[in-house]
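# Examining the three-dimensional arrangement
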Amino acid sequence: MTKPGVTKRVLPTSPFKEAVAPPCQRFAVGDRVTHDTYGLGRVTAVEEGIAVIVDFGAMQQRIASPYTRMTGL
């Protein structure tokens, strides 16, 4: 058990590397995107670092960060 505020040291030769999160994607109003569930859409609003509103034609969806199922085109 580690103490609060103390980080674990990882040896450079360790086969158990720390997982590094991919950088969060950034979207701007007007960007074309594709979503695994909803398909093609266009970003209509951005809540910086929190979520984006995307118009998928038949509906609008609020997609929360980190946007793992959405990619920019």
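From a predicted model like this one, the values you see are computed outputs, not experimental measurements. (Residues numbered from 1 in each chain as written. Predicted model: local features only at pLDDT ≥ 70, side-chain atom pairs only at ≥ 80, totals over all residues. Heavy atoms only, no water.)

### Observations concerning the packing of aromatic side chains
- Applying the stated criterion to the full structure yields two aromatic pairs.
- Geometrically, the ring pair formed by phenylalanine 27 and tyrosine 67 is edge-to-face, given 5.3 Å between the ring centres and 85° between the ring planes. Taken together, the positions of phenylalanine 27 in the segment before strand 1 (32-35) and tyrosine 67 in the loop between strand 4 (60-64) and strand 5 (70-72) put the pair 40 residues apart, joining distant regions of the chain. The exposure classification of phenylalanine 27 matches that of tyrosine 67, with both residues buried.
- Note on tyrosine 38 and phenylalanine 56: the rings are 5.3 Å apart at their centroids and 40° apart in plane angle, and the pair reads as tilted. Note that tyrosine 38 is positioned in the loop between strand 1 and strand 2 (39-47) and phenylalanine 56 in the loop between strand 3 (51-55) and strand 4, a separation of 18 residues in sequence.
- For tyrosine 38, a relative accessible area of 30% puts it in the partly exposed group.
- The exposure class assigned to phenylalanine 56 is buried, which follows from its relative accessible area of 11%. (Phe/Tyr/Trp six-rings, centres within 6.5 Å; stacked < 30°, edge-to-face > 60°. Helix = DSSP H or I, 4+ residues; strand = E, 2+ residues; numbered from the N terminus. Buried < 20%, exposed > 50% of the residue type's maximum accessible area, 1.4 Å probe, protein only.)

### Regarding the pairing of strand 2
- Examined bridge by bridge, strand 1 and strand 2 share four bridges and lie antiparallel to one another. Pairing of valine 33 across the sheet is with glycine 41, part of strand 2.
- Two successive antiparallel strands, strand 1 and strand 2, enclose a turn made up of three residues.
- Looking at chain direction, strand 2 and strand 3 are connected through five bridges and run antiparallel. Bridging across to strand 3, alanine 45 finds its partner in isoleucine 53.
- Hairpin geometry of strand 2 and strand 3 is characterised by an intervening segment of three residues between the two adjacent antiparallel strands and by a positive phi of about 75° at glycine 49. (Pairing = 2+ DSSP bridges.)

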